[in-house]
Amino acid sequence: MLPFTEPASVAEAELIQDSLRSRLVIPASAVELPRTVVGLDVTYGEPSVAAAVVVEVATLEVVEVATFAGEARFPYVPGLLAFREVPLLLAAIERLSTPPSLLICDGYGLAHPRRFGLACHLGVLLDLPSYGVAKTAFVGSSDPPGPARGDAADLVDAGEIVGRVVRTQSGVKPVYVSAGHRIGLDDCSDLTLRLSGRYRIPEPTRQADILSRSVLRSL
DNA sequence: GCGACAG
DNA sequence: ATCTTGTCGC
């Protein structure tokens, strides 16, 4: 795995993204789906808490969890979220007993100003398939997806399809899916729907959100 | 130039 | 993200 580099400035952070982006691999065809996936999230506080939750794809059951509490070292800057979250998330992932097979992040992958969001960053550093599921818009635009679960619309930025707006529950606000590394957009969308039981947010990141919040409360 | 801007 | 209760509705 590649080491995380802590940038000393916004300009340096952008250079790091441009450099790591050259290692991105996005396959054109479907990849084999793993038996389990890892949902990731960070809740901010003092300290902040990162959570990694392993979920079995077939049953949506939680198989293992790990957390890490520490200070976020980089400020929140739109487009540079990874520098705030990656160190904490890597520490949580390292505490899992089983090696992760696919990462699902709370945020964006390729749908990013420099095409290198959080999901790309984690995927490249760990050389693992990864993608992002965000709750609100960031870059690009789309037609509104149809009203039924499974309806979706391309997310387009600068004439490029960078992600997909996916309705995971009928009549509920859609989520924003974008590929991170070593997985194509179709697979990301399919997996997101498969992992969304009765909630808007797919189970892995939903559980990571719940866990990181509860751990922070208990500190 | 102005506003918007993942978490 | 977070500060924060009740409330409307399926």
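Provided above is the structure to which this section pertains.
Before going into details, it helps to say that this report is about the structure given with it.

Cut-offs applied
All residue numbers refer to positions counted from 1 along the written sequence of the respective chain. Each chain takes a letter, starting from A, and each ligand takes a number, starting from 1, following the order in which they are written. Local features in a predicted model are, by the rule used here, given only for residues with pLDDT of at least 70; side-chain atom pairs are given and counted only at 80 or more, and totals for whole chains, interfaces and linings are based on all residues. Side-chain descriptors were evaluated using all non-hydrogen atoms of the structure, hydrogens and water having been removed beforehand. Take a side-chain nitrogen of Lys or Arg and a carboxyl oxygen of Asp or Glu: if they are within 4 Å of each other, that pair is a salt bridge. A run of H or I in DSSP becomes a helix once it reaches four residues, and a run of E becomes a strand once it reaches two; helices and strands are each numbered from the N terminus. For every residue, the accessible area (1.4 Å probe, protein chains only) is compared with the maximum for its type, and the residue is labelled buried under 20%, exposed over 50%, or partly exposed between those bounds. Distances are taken per atom, and a residue is near a molecule or strand as soon as one of its heavy atoms is within 4 Å of it. What qualifies as a polar contact is a pair of N or O atoms within 3.5 Å, subject to a donor-acceptor requirement within protein and to the restriction that residues adjacent in sequence count only when both atoms come from side chains. Amino acid classes used here: Ala, Val, Leu, Ile, Met, Phe, Trp, Tyr, Cys and Pro are nonpolar; Asp, Glu, Lys and Arg are charged; the rest, including Gly, are polar. When DSSP finds at least two bridges between two strands, those strands are taken to pair.

Before going further, it helps to examine the pattern of salt bridges. Per the counting criterion, the structure on display carries 11 salt bridges. Ionic pairing is found between arginine 73 and glutamate 6, a salt bridge with its closest N-O pair at 3.4 Å. Of the two residues, arginine 73 sits in the loop between strand S3 (62–70) and helix H2 (81–94) while glutamate 6 sits in the segment before helix H1 (10–20), which places them 67 residues apart along the sequence. Here glutamate 160 and arginine 115 are joined by a salt bridge, their closest N and O atoms 3.3 Å apart. In this pair, glutamate 160 is assigned in strand S7 (residues 160–166) and arginine 115 in the loop between strand S4 (103–105) and helix H3 (118–126), connecting sequence segments 45 residues apart. Looking at arginine 115, the relative accessible area reads 15%, which means it is buried. One network of salt bridges, in which partners are shared, links Arg115, Asp157 and Glu160.

So, about the protein's contact with DNA strand C. Surrounding DNA strand C, one finds Thr43, Tyr44, Lys135 and Arg213. Take arginine 213: an N or O atom from its side chain is 3.0 Å from a phosphate oxygen of DNA strand C. A per-class count over the surface near DNA strand C returns one nonpolar, one polar and two charged.

For strand S1 (residues 36–43), the buried fraction is high: eight of the eight residues fall into the buried class. Because side chains alternate across S1, one face comprises the buried residues Thr36, Val38, Leu40 and Val42, and the other comprises Val37, Gly39, Asp41 and Thr43, equally buried. Relative to strand S2 (residues 48–56), S1 is paired through eight bridges, and the arrangement is antiparallel. From the neighbouring strand, valine 38 faces S2, where its bridge partner is valine 54.

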